[in-house]
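Given next are the chains, with one letter for each unit.
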Amino acid sequence: MKMRNFGKLGIQGSALGLGCMRFPKKEVDGKMVVDEENAINIIRTAIDGGVTYMDTAYVYLDQTSEVILGKALQDGYRERVTIATKLPTWMVEKEEDMQRFFDEELARLQTDHIDFYLVHSLSAERWSKIKALGICQFLDRLKKEGKIRFACFSFHDDYKVFETILNDYDWDMCQIQYNFMDINNQAGTKGLELAGSKGIPVVVMEGLLGGRLAKAPDNVQALYDAFPVKRSPVEWAFRWLCNHPQVATVLSGLTSVEQVKDNLRIFDTVEPGCMSKEELALIDKVRDAYNSRIKAGCTGCAYCMPCPMGVDIPGSFSAWNNASLYGGLEKGNADYKRLEEGGKAPTQCVECGACMQVCPQHLEIPELLKKVTADLKKRQKQKGLSSGTVLL
């Protein structure tokens, strides 16, 4: 496992960080729950392979992620890693809430301190609110008491807001959404470089854009296949990220031991400056190819869920994107039919706007759901049309 410098902190951490938001699930009594045994095996396999950075949050996996990680870190594993977890900013209504959430997180994680404590999913509105409630003083106190080592934040807004927040407090680390598709979105490359110029290490989330960069559609795969160096889409995406010296750790939401082992292989070979000019030019072409096919910029984070009307918002966008990227109208209609049969179709949306208030991507969700319905409810009218033809 390659180790990387954490900027001004003077410490090192693993290039690969384990994101604890997408553990596998199983059905129990008709309900889908996290497969705890499998998740713990994934966590410990990653640590045994050299991963030192564990990333979770209060809200992940219906508030079970921290509990599962806490169990996995028993038997001496806690001493081998750093824990990053997050204050659920949007759930804080008064100053006392911050301490209440933090104490609950310590108990869930079965630890006496948090290494990286993040103010979760900051935007302009949330930063204004949480700052007025005294978050800076709260973080300072936790550090003085030894309850946290580093004060940090995760971010979902535009670059100007990122610049304001970054300069508004003496942050130890920041976490941003970044991948080769998001160079101009949210904090983007400008934000990455700004943090680097201040010595603030950057942890990257959504390096595979919610998994969409892990499986290449035909026009993207053709570009990869034509290149003399052969790598999987996952390896290309992670290698591109690790080429940036400002990146301290890249989070990967692993769902199987096999994925853990493949990621360990990849991150044993990546370091700043690991990509040639020709390889970087390839990624520029890949970006253009993806942009020609992606319909909705949803990463599947599920912050918008549950929908008050029962709409499976991430599932609707996944069906739409997958039909455009990989399948065609027939597959899209099949995915849509499953949503209808499960009572989760986008036609149930009443445009209440609750989803838009929490969407990190700031998507116009109700309007996009209308387009999902319009596209995926189409029927093939021309006889003999191939089921693999993309009509979206």
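Above this note sits the structure.
As the structure is a prediction and not an experimental result, all values here were calculated from the model.

A.B. asks: Any chance you could explain the packing of helix H1 (residues 36-48) against helix H11 (residues 257-266) here in plain terms?
C.D. replies: For any two helices packed against each other, one specifies the inter-axial angle together with the distance between the axes. Viewed as axis vectors pointing N to C, H1 and H11 meet at an angle of 20°, and their least axial separation amounts to 9 Å. Considering their axes alone, H1 and H11 lie roughly parallel with respect to each other. Here H1 runs over H11; the crossing is right-handed. Across from Asn41, Ile42, Thr45 and Ala46 in H1, the residues of H11 making contact are Val257, Val260 and Leu264. Of the residues in the contact of H1 with H11, the class split is five nonpolar, two polar and no charged.

A.B. asks: Where do I start with the side chain of Asn263 in this structure?
C.D. replies: By secondary structure assignment, the location of Asn263 is in helix H11. Of the polar contacts made by the side chain of Asn263, one reaches the side chain of Ser252; its length is 2.7 Å.

A.B. asks: Would you explain the pairing of strand S4 (residues 25-28) in this entry?
C.D. replies: Two faces make up the sheet, and in a regular strand the side chains alternate between them. With four bridges joining them, S4 and strand S5 (residues 31-34) adopt antiparallel strand pairing. Paired with Lys26 across the two strands is Val33, which belongs to S5. Between the end of S4 and the start of S5, which pair antiparallel, lie two residues, with Asp29 showing a positive phi angle near 55°.

A.B. asks: What am I meant to see in the environment of Asp312 here?
C.D. replies: You can see Asp312 is positioned in the loop between helix H12 (277-291) and helix H13 (313-325). Separated by 181 residues in sequence, Asp312 and Lys131 place their C-alpha atoms 33 Å apart. At 2.8 Å, the side chain of Asp312 forms a polar contact with the backbone nitrogen of Gly315.

A.B. asks: Mind showing me how you'd approach the pairing of strand S10 (residues 173-177) here?
C.D. replies: Most of S10 is tucked away, with five of its five residues classed as buried. What you see with S10 is no split at all: Met173, Gln175 and Gln177 on one side and Cys174 and Ile176 on the other are buried throughout. The parallel pair strand S9 (residues 148-155) and S10, bridged by helix H7 (residues 159-166), forms a crossover whose chirality is right-handed. By the bridge criterion, four bridges tie S10 to strand S11 (residues 202-205) in an arrangement that is parallel. By the bridge assignment for S11, Cys174 is matched with Val202. With helix H8 (residues 188-197) bridging S10 and its parallel neighbour S11, the resulting β-α-β unit is right-handed.

A.B. asks: Can you walk me through the pattern of salt bridges in this structure?
C.D. replies: Any two side chains of opposite charge can pair, on the condition that their charged atoms come close. Tallied over the full model, the rule gives 25 salt bridges. Residue Asp115 is joined to Arg149 by a salt bridge in which the shortest nitrogen-to-oxygen separation is 3.2 Å. Taken together, the residues Asp115 in strand S8 (residues 114-122) and Arg149 in strand S9 connect sequence positions 34 residues apart. Assessed through its relative accessible area of 2%, Asp115 is described here as buried. For Arg149, a relative accessible area of 37% translates into the label partly exposed. A salt bridge links Asp262 to Arg265, with the shortest nitrogen-to-oxygen separation between them at 2.9 Å. Residue Asp262 and its partner Arg265 are located together in helix H11, separated by three residues, close to a single helical turn. Judged by its relative accessible area of 41%, Arg265 falls in the partly exposed class. The network of salt bridges with common partners includes Arg231, Glu235, Asp262, Arg265 and Glu279.

What counts and what doesn't
Every chain is numbered independently, its residues counted from 1 as its sequence is written. Reporting of local features is limited, given that this is a predicted model, to residues whose pLDDT is at least 70; pairs of side-chain atoms are given and counted only at 80 or more, and all residues count toward the totals for whole chains, interfaces and linings. Hydrogen atoms and water are omitted, and side-chain values are computed over all heavy atoms in the structure. Between the N-to-C directions of two axes lies an angle of 0 to 180 degrees, each axis being a line fitted to C-alpha atoms and, for a helix, fitted only over the stretch in contact. A run of H or I in DSSP counts as a helix once it spans at least four residues, and a run of E counts as a strand once it spans at least two, with each numbered from the N terminus. Should an angle lie under 35 degrees it is considered roughly parallel, over 145 roughly antiparallel, and from 65 to 115 roughly perpendicular; all remaining angles are considered oblique. When the near helix sits turned anticlockwise from the far one by under a right angle, the crossing is termed left-handed; a clockwise turn instead gives a right-handed crossing. Contacts between residues were defined by any pair of non-hydrogen atoms, one from each residue, lying within 4.5 Å. Think of it as three bins: nonpolar holds Ala, Val, Leu, Ile, Met, Phe, Trp, Tyr, Cys and Pro, charged holds Asp, Glu, Lys and Arg, and polar takes everything else, Gly as well. In the analysis that follows, any N or O atom pair within 3.5 Å is treated as a polar contact, provided that within protein one partner can donate a hydrogen and the other can accept it, and provided that, for residues neighboring in sequence, both atoms belong to side chains. Strands are labelled as partners when DSSP assigns at least two bridges between them. In this scheme, a residue with accessible area under 20% of its type's maximum is buried, one over 50% is exposed, and one in between is partly exposed, where area comes from a 1.4 Å probe on protein chains only. By convention, a crossover is right-handed whenever its connection, traced from the first strand over the helix to the second and viewed with the strands pointing away, goes clockwise. Every case where a carboxyl oxygen of Asp or Glu lies within 4 Å of a side-chain nitrogen of Lys or Arg is listed as a salt bridge.

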